[in-house]
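One letter stands for each residue in the lines below.
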Amino acid sequence: MKKKVLSALLSVAMVATLLVGCGSSTEEAAAPAATEEAASTEEAAPAETEAAAEEEAAPAADGELITVGFAQVGHESDWRAACTQNYQDIFSAENGYELSFVDADNDNAAQIEAVRGFIQQELDYIIIAPIETAGWDTVLQEAQDAGIPVLIVDRSVDADPSLYEAHIGCDMVAEGEMAANWLAEYLNGEEAKILVIEGTVGASATLGRTEGFNNIAADHSEWEILDSQSGDFTQSGGQEVMESYIKSYSDFNVVVCQNDNEAYGAMDAMDAAGITYGVDGDVTIISFDATHDGLQYTLDGKISCNVECNPLQAVFADQVIKTLESGGTPDAETVVTDEAFVAPGITSALATTMTQEVLDGRAY
Ligand code: GYE
């Protein structure tokens, strides 16, 4: 890549002005237990990895670090914390990178400004985990005009795909469908009065999970979605929305939380109101993410079904950059696959029943 010396000098100033995170963990610790798909995708690209290692111009090979700016959504959830840690682990100096990390605190305008900052600093690559899908064309065009390749990770954007090199993330629509298909299997024709606590408005994770769930719900006339409001992917947001639902609706038997942290808040609100939930309670809770704590609640029978979204995706961004460094063309889309987990006592052909062993194997 160009402008190496300049970017190295600028990065000193950058450290003072940005929230910077530099990975210090070893490669070993960073290696995600991830999914089988993750492992197989990794195995599928050994030629590219070797090519990158042999490539003389590769900065890592000649001792120069590749500068990468990462514009992260924020720190709204346990999932996000795991995602951030994973990027800091993989994009470490040991692995040949100098990472500039900005936490946009769920502020779309601040996130776009962070990307502009990376462009001004003439970093080698920019990675964006976009808060919202909309509003990216202008700044992506600016990055392209400056000759800086951009990777979109986690959530997606609705911008022209020629403005970025690759997208890496989970299939959010498939996750929503997985949740609803499990509910159909579980209820087996019984009536459902459903309350949905959505994620951040305008985020592809919210849009996709909602769309996927609704796709399947459309085939179930015995289901009624009473309400669907945003809890912003936070525990406090989940609690507030659930408290207001409890005031407005006296008759419901399913609560769908679009991430684990919202589920924790919703459970607090139901506890306070004396509403029972879980496999032995009146209300069935579905959650997304399947983080360690979320799976503990699933193992405990409080969350009935938890649809995974694997946050350990930095290894794929590393591969895309190595491919670009060696002059190759990376896959435009890397889909990180997910599975669903159900509480003990629930028999499902669509999901894995939780055990202590599964929980112990969870790396995040
Ligand atoms: O589900 C939620 C986080 O974009 C997949 O963002 C991610 C979502 C995740 O805040 O916990």
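Residues numbered from 1 in each chain as written. Predicted model: local features only at pLDDT ≥ 70, side-chain atom pairs only at ≥ 80, totals over all residues. Heavy atoms only, no water.

**Focus: the overall build of the protein**
Along the protein, the regular secondary structure elements total 14 helices and 13 strands. The proportion of buried residues among the 364 residues of the protein is 53%. In the protein, of all internal contacts separated by at least 6 residues, the share reaching a separation of at least 24 is 75%. As presented, the protein carries roughly 14,800 Å² of accessible surface, and 49% of it is formed by carbon and sulfur atoms. (Helix = DSSP H or I, 4+ residues; strand = E, 2+ residues; numbered from the N terminus. Buried < 20%, exposed > 50% of the residue type's maximum accessible area, 1.4 Å probe, protein only. Contact = heavy atoms within 4.5 Å. Areas by Shrake-Rupley, 256 points an atom, 1.4 Å probe, with all protein chains shown as cover.)

**Here we look at the packing of helix α8 (residues 172–187) against helix α9 (residues 204–217)**
Viewed as axis vectors pointing N to C, α8 and α9 meet at an angle of 40°, and their least axial separation amounts to 6 Å. The orientation of α8 with respect to α9, classified from their angle, is oblique. The two elements α8 and α9 meet at a crossing, and its hand is right-handed. Mapping the contact onto sequence places M172, V173, E175, G176, E177, A179, A180, N181 and L183 in α8 and S204, A205, G208, R209, E211, G212, F213, N215 and I216 in α9. Of the residues that constitute the contact of α8 with α9, the class distribution is eight nonpolar, six polar and four charged. (Axes fitted to C-alpha atoms, helices over the stretch in contact; angles between N-to-C directions. Parallel < 35°, antiparallel > 145°, perpendicular 65-115°, else oblique. Left-handed = near helix turned anticlockwise from the far one by under 90°. Nonpolar A, V, L, I, M, F, W, Y, C, P; charged D, E, K, R; others polar.)

**Quick notes on the packing of aromatic side chains**
A complete count under the given rule lists eight aromatic pairs for this structure. Aromatic pair W182 and Y186: ring centres 4.7 Å apart, planes at 20°, arrangement stacked. Residue W182 and its partner Y186 are both found in helix α8; the two are separated by four residues, about one turn of the helix. Of the aromatic side chains, those joined through ring pairs into one cluster are F70, Y87, F91, Y97 and F101. (Phe/Tyr/Trp six-rings, centres within 6.5 Å; stacked < 30°, edge-to-face > 60°.)

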